[in-house]
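Each chain, written out:
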Amino acid sequence: MKNTTIISKARAYCEQRGARFTPLREKVYELMLEKHGPMGAYELLDGLKETESSAKPATVYRALDFLLDFGLIHRLESTNAFVACYHFGCHHPVQFLICDSCGDVSEIQSEGLKDTLDNQARQHGFKISKQTIEAHGLCADCQESESTTLGEEQHEC
């Protein structure tokens, strides 16, 4: 799907919920769509300053808060970065595969993993309100190009 189509859908999605998808919010989202990968707030600020010379860190953080609240982006907690979400508007479990070599991020959805986690939480009297799982390793391309291998840890329990 083209970025312009995704942005149009995001604009309509926000308007349906009574929120303004301002030009600044749109630009931050567009930068993330163009990158096709994780971006930090200051990387976004640098990109934003190319067209908005007066942009400040607070400008980016406000836009990120809005985009997070509306599910247009996800936050990668382990790397303190953000990635665009291409299927906003639906509540979905989020799992990320993060390559420690090239930084590529793949969003996957495993309902089986979600169900297992929900069942285990329920057994402990816990109700999950939001689920994000991040798995770090090497993507297929980096596995091919790197001569090092990941050592697998053994659990003793």
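See the structure printed just above.
The rules behind the values
Residues numbered from 1 in each chain as written. Predicted model: local features only at pLDDT ≥ 70, side-chain atom pairs only at ≥ 80, totals over all residues. Heavy atoms only, no water. Helix = DSSP H or I, 4+ residues; strand = E, 2+ residues; numbered from the N terminus. Buried < 20%, exposed > 50% of the residue type's maximum accessible area, 1.4 Å probe, protein only. Contact = heavy atoms within 4.5 Å. Areas by Shrake-Rupley, 256 points an atom, 1.4 Å probe, with all protein chains shown as cover. Phe/Tyr/Trp six-rings, centres within 6.5 Å; stacked < 30°, edge-to-face > 60°. Lys NZ or Arg CZ within 6 Å of the ring centre and 35° of its normal.

What to know about the overall build of the protein chain
Assigned secondary structure in the protein chain consists of six helices and five strands. Each helix and strand of the protein chain, placed in order from N terminus to C terminus, yields the pattern α-α-α-α-β-β-β-β-α-β-α. Based on the C-alpha atoms only, the size of the protein chain along its principal axes is roughly 55 × 45 × 30 Å. Here the protein chain holds 157 residues, and the buried ones make up 36% of them. Excluding contacts between residues fewer than 6 apart, the proportion of contacts in the protein chain whose partners are at least 24 apart in sequence is 48%. Per element, the accessible surface of the protein chain, about 10300 Å² overall, is 49% carbon and sulfur.

Quick word on the packing of aromatic side chains
Counted by the stated rule, this structure contains three aromatic pairs. Ring geometry for Y13 against F88: centres 5.3 Å apart, planes inclined by 50°, an arrangement best described as tilted. Placement of Y13 in helix α1 (residues 3–16) and of F88 in the loop between β2 (81–84) and β3 (94–99) is noted, with a sequence separation of 75 residues between them. Taking relative accessible area as the criterion, Y13 reaches 13% and is therefore assigned buried. The buried category is assigned to F88, whose relative accessible area is 15%. One residue, R25, lies across the ring of F66, its end atom 3.8 Å from the ring centre.

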